[in-house]
Amino acid sequence: MSLRWLNRTLTLLSGRALSILIYHRVVPIPDPLFPHEVTAPDFDTQMRALVATFRVLPLAEAVERLCNRSLPARAACVTFDDGYRDNLEVALPILRKNGVPATVFIATDFLDGGRMWNDTVIEAVRRFQGTELDLQHLGLGRWPMTMIEDRLTTIAALLPQLKYRQFETRAWLADEIANVAGADLPNDLMLTSDQIRVLHREGVEIGAHTRSHPILANLEDEQACEQIVSSKHYLEELLDAPVRLFAYPNGKPGQDYRREHVRMVREAGFMAAVSTATGVATGGADIHQLPRFTPWDKRPWRFTARLALNLWHTQLQVA
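Residues numbered from 1 in each chain as written. Predicted model: local features only at pLDDT ≥ 70, side-chain atom pairs only at ≥ 80, totals over all residues. Heavy atoms only, no water.

**Q** Before we go on, may I ask you to explain the overall build of the protein chain in this structure?
**A** Counting its secondary structure elements, the protein chain contains 11 helices and 11 strands. Principal axes of the C-alpha set define a box for the protein chain whose edges measure 55 × 45 × 35 Å. Expressed as a percentage of its 319 residues, the buried residues of the protein chain come to 55%. Contacts spanning at least 24 positions in sequence make up 72% of the contacts within the protein chain whose residues lie at least 6 apart. By element, 51% of the accessible surface of the protein chain is carried by carbon and sulfur atoms, the whole surface being about 14100 Å². The averaged location of the 38 negative side-chain charges in the protein chain is 10 Å from the averaged location of its 35 positive side-chain charges. (Helix = DSSP H or I, 4+ residues; strand = E, 2+ residues; numbered from the N terminus. Buried < 20%, exposed > 50% of the residue type's maximum accessible area, 1.4 Å probe, protein only. Contact = heavy atoms within 4.5 Å. Areas by Shrake-Rupley, 256 points an atom, 1.4 Å probe, with all protein chains shown as cover. Lys, Arg positive; Asp, Glu negative; His and termini not counted. Charge placed at Lys NZ, Arg CZ, Asp CG, Glu CD.)

**Q** In this structure, what is going on with empty space enclosed by the protein? I would like to understand it.
**A** The probe, sized like a water molecule, is rolled over the atoms to show the empty space still left. In the structure shown here, the tally under the stated rule is one cavity of 30 Å³ or more. Of the voids in this model, the largest cavity is the one considered here, and its volume is about 30 Å³. Contributing to the lining of the largest cavity are Arg 165, Phe 167, Arg 170, Pro 214, Ile 215, Asn 218 and Leu 219. When grouped by side-chain class, the residues that make up the lining of the largest cavity number four nonpolar, one polar and two charged. (1 Å grid on protein atoms, 1.4 Å probe; cavity = no way out; pocket = protein on both sides within 12 Å on 5 of 7 lines; lining within 4 Å. Points joined across faces, edges and corners; volume = space filled by probe spheres on them. Nonpolar A, V, L, I, M, F, W, Y, C, P; charged D, E, K, R; others polar.)

**Q** When you look at the pattern of salt bridges in this model, what are you seeing that I'm missing?
**A** Side chains carrying opposite charge are able to pair once their charged atoms draw close together. As enumerated under the stated definition, the model contains 20 salt bridges in all. In this structure, Arg 292 and Asp 81 form a salt bridge, with 2.9 Å as the shortest nitrogen-oxygen distance. Of this pair, Arg 292 sits in the loop between strand S11 (272-274) and helix H11 (300-310) while Asp 81 sits in strand S5 (residues 75-82), and the two are 211 residues apart along the sequence. In this structure, Arg 292 and Asp 81 share a single accessibility class: buried. One salt bridge connects Asp 194 with Arg 197, and the closest N-O pair in it is separated by 2.7 Å. Within this pair, Asp 194 and its partner Arg 197 are both found in helix H8 (residues 193-201), separated by three residues, close to a single helical turn. Ionic contacts of the salt-bridge type, sharing partners, join the residues Asp 31, Glu 123, Arg 126 and Arg 127 into one network. (Salt bridge = Lys/Arg side-chain N within 4 Å of Asp/Glu carboxyl O.)

**Q** I tried to follow the layout of surface pockets on my own but got confused; where do I start?
**A** When its volume is computed, the largest pocket comes out at roughly 1200 Å³. Going through the elements one at a time, strand S1 (18-23), strand S3 (38-39), helix H2 (40-53), S5, helix H5 (117-127) and helix H6 (148-163) are the ones with two or more residues in the lining of the largest pocket. A total of six residues in the lining of the largest pocket trace back to one element, the largest contributor, which is H6. The residue inventory of the lining of the largest pocket, partitioned by class, reads 21 nonpolar, 10 polar and 12 charged. The space that makes up the second largest pocket amounts to roughly 280 Å³. Taken together, 17 residues make up the lining of the second largest pocket; nearest its centre are Arg 25, Val 27, Pro 28, Asp 86 and Leu 189. Among the elements of the structure, helix H4 (86-98) and H5 are those that each provide at least two residues to the lining of the second largest pocket. When grouped by side-chain class, the residues that make up the lining of the second largest pocket number eight nonpolar, no polar and nine charged.

**Q** Would you mind showing me how to read the side chain of Thr 120 here?
**A** Position of Thr 120 relative to the elements: it lies in helix H5. Assessed through its relative accessible area of 3%, Thr 120 is described here as buried. Side-chain polar atoms of Thr 120 contact the side chain of Arg 115, separated by 2.9 Å. Once you skip the residues sitting within four places of it in the chain, Thr 120 turns out to touch Arg 115, Ala 174, Asp 175, Ala 178 and Leu 185. (Polar contact = N/O pair within 3.5 Å; in protein donor to acceptor, adjacent residues only side chain to side chain.)

**Q** Any chance you could explain unusual backbone geometry here in plain terms?
**A** Peptide bonds are, in most cases, trans, and in most cases residues other than glycine have a negative phi. Positive phi outside glycine occurs at Asp 112, with the angle close to 60 degrees. Tracing the backbone through its elements, the reader meets Asp 112 in the loop between strand S6 (103-106) and H5. In this model, His 213 sits at a positive phi of 60 degrees, which is unusual for a non-glycine residue. Mapped onto the secondary structure, His 213 falls in the loop between strand S9 (205-208) and helix H9 (221-239).

**Q** Is there a simple way to think about the nonpolar core in this case?
**A** For soluble globular proteins, the rule of thumb is that nonpolar side chains tend to be buried together. Ranked by size, the top nonpolar core spans 51 residues in total, and within it Tyr 23, Phe 43, Met 47, Leu 50, Val 78, Phe 80 and Ile 206 carry the most contacts. By residue number, the principal contributor to this core is H4, which donates six residues. Apart from residues no more than four positions distant in its own chain, Val 78 is found in contact with Leu 21, Tyr 23, Met 47, Leu 50, Val 56, Val 100, Pro 101, Ala 102 and Thr 103. With 24 residues, the next largest nonpolar core counts Leu 135, Leu 162, Ala 174 and Ala 178 among its residues. (Core = buried A, V, L, I, M, F, W, Y, C linked by side-chain atoms within 4.5 Å.)

This is how it looks when you write it as structure tokens:
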């Protein structure tokens, strides 16, 4: 498959559509408990494939050009959610090497030594020293722990059971799992305030991702609004700069957020927001519900083919 033919095909498919990629972590070496997280070598390969076939833009610029109908063919953006330290230490050098701009969405409560609930569960399971993790008193079953496959199975079963619990219950259950595991958990997974400033100085766009990454649809309106607005204000004070972009936690339209949350984001002063609906954004799209997708193919041609396939999807939105 020639690059010229592929570029021509992508141009015909995309028209003036915007493809937005979503990442979370870029790990330096393969981690058996994160089989779907991209490694540094794979991320480098993906970024090289991306710049060879797409016009990669900063997200804010891409949104402006989408609105004024000046978006170039094969436009794409790269985004990261949550605020992991490896976004700076591992991903940024690769982004700079390949000339790729990026946006990092920060859940502000986890800066400076915090930890997300899912990482509490994963790291507790990783560090558990016994052969069986008994969580029956929490209503979460009993899990063998003799092989790495057992730990993967346990994590895959526990995370969905906790994800849509009420916010306080979810955090409590994650902490209780860690207590049962007797695990000494890491406090250096997320970025620090100083590292956020470094990313900002390096030209990385910083966006808000709520304070503590709740499922907005599970919150009262007042709580949801506070999560949205306070994360924006916190980052603007930290950076002494406007924060114009927002990412909905988990991001599925109608399931994780609703039309009232889109209104809150718009009224908070964000110029645009991103979801995790599959597809691309075209002229007339709701810029406060832009779709994104996760590229997971390791081979360059399959990665690019996945981007092309995504062009067939249309944007799903709730308002």
